[in-house]
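# Descriptive structure summary
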Amino acid sequence: EKEKMQTTDLIYVGTYGHVEALKKSTGEPVFRSNLENTGYGVVSLCPEMVTNTLYAACGGKVVALRAHDGVEMWRNDVKGTFFTPVCMASPVVPGITPMPFMKADGPYSHIMFVGAYGKVDAIDKRTGKQIWRNELVGGKYPSVPLLFEDDVLFAGAFGKVYAINPSDGVTIWKNDMPGLNYAYTTLCTMRQVVNGGI
């Protein structure tokens, strides 16, 4: 519990294949984690206060770090995504105050959803192992933003939008958005926004 309290005073910075934690009040560095073998591209971050975990993704890989000291707990080399940007979505509330539409202890709370290079993976947060993969039909595009809401996972890629069953990765529906192919995609609802896969 003390470790979780310590993380509320931190701001996490992902850049150049690294994650650095700084004290919000002073800017003083607390730790720096080198995300080895991820390249030097964009680092996506997804915090989870409930488990004191910071998920970092870069270069087609996802790494789980302890949020208070940056120690690596596991990593998943998301196969077939090469060194593309990785977008993550989690059903668990990332901050301190739960939002009513998110479920910190729901049926999908143990899953991190990962989107990259026209693919969506479900990864077990406890082990880092892949649960399922959806190769988005017609969605071969590096950036795959994800949004999880109302027990449905939404993905955008190649100017298309997909609704995916979070239990098994099966596509529920797909909208080809005619005339908008090859477009960078953003997703939002009135409750949250995802600005692309970076």
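The rules we used
- Residues numbered from 1 in each chain as written.
- Predicted model: local features only at pLDDT ≥ 70, side-chain atom pairs only at ≥ 80, totals over all residues.
- Heavy atoms only, no water.
- Pairing = 2+ DSSP bridges.
- Helix = DSSP H or I, 4+ residues; strand = E, 2+ residues; numbered from the N terminus.
- Axes fitted to C-alpha atoms, helices over the stretch in contact; angles between N-to-C directions.
- pLDDT = per-residue confidence, 0-100.
- Contact = heavy atoms within 4.5 Å.
- Buried < 20%, exposed > 50% of the residue type's maximum accessible area, 1.4 Å probe, protein only.
- Salt bridge = Lys/Arg side-chain N within 4 Å of Asp/Glu carboxyl O.

## Some remarks on the sheet that holds strand β4 (residues 44–48)
Strand-to-strand pairing in sheets goes through backbone hydrogen bonds, with the strands running parallel or antiparallel. Read from one edge to the other, the open sheet built from 4 strands follows the order β4-β5-β6-β7, with strand pairing classed as antiparallel. Looking at the sheet topology across the chains shown, the edges are occupied by β4 and β7 (72–77). Averaged over all adjacent pairs, the angle separating strand axes in this sheet is 15 degrees, with direction ignored. Across 5 bridges, β4 lies against strand β5 (residues 53–58) in antiparallel orientation. If you follow Pro-47 over to β5, its bridge partner there is Leu-54.

## Some thoughts on the confidence of the model for the protein
Averaged over every residue, the pLDDT of the protein is 85; the share at 70 or more is 86%. Across residues 93–101, confidence stays below pLDDT 50; counting only partners more than four residues off in sequence or on other chains, it has 14 contacts.

## Some details on the environment of Gly-128
Relative to the elements of secondary structure, Gly-128 occurs in the loop between β10 (119–124) and β11 (130–135). The class for Gly-128 is buried, based on a relative accessible area of 5%.

## So, the pattern of salt bridges
Under the counting rule described, the total for this entry stands at 10 salt bridges. A salt bridge links Glu-72 to Arg-75, with the shortest nitrogen-to-oxygen separation between them at 3.0 Å. Here Asp-150 ties to Arg-191 by a salt bridge, and the two come within 2.9 Å at their closest N and O atoms. Here Asp-150, found in the loop between β12 (146–149) and β13 (152–157), pairs with Arg-191, found in the loop between β16 (187–188) and β17 (193–194); they are 41 residues apart in sequence, far enough to count as distant. By relative accessible area, which is 52% here, Asp-150 ends up exposed. One connected set of salt bridges, linked through shared partners, spans Glu-149, Asp-150 and Arg-191.

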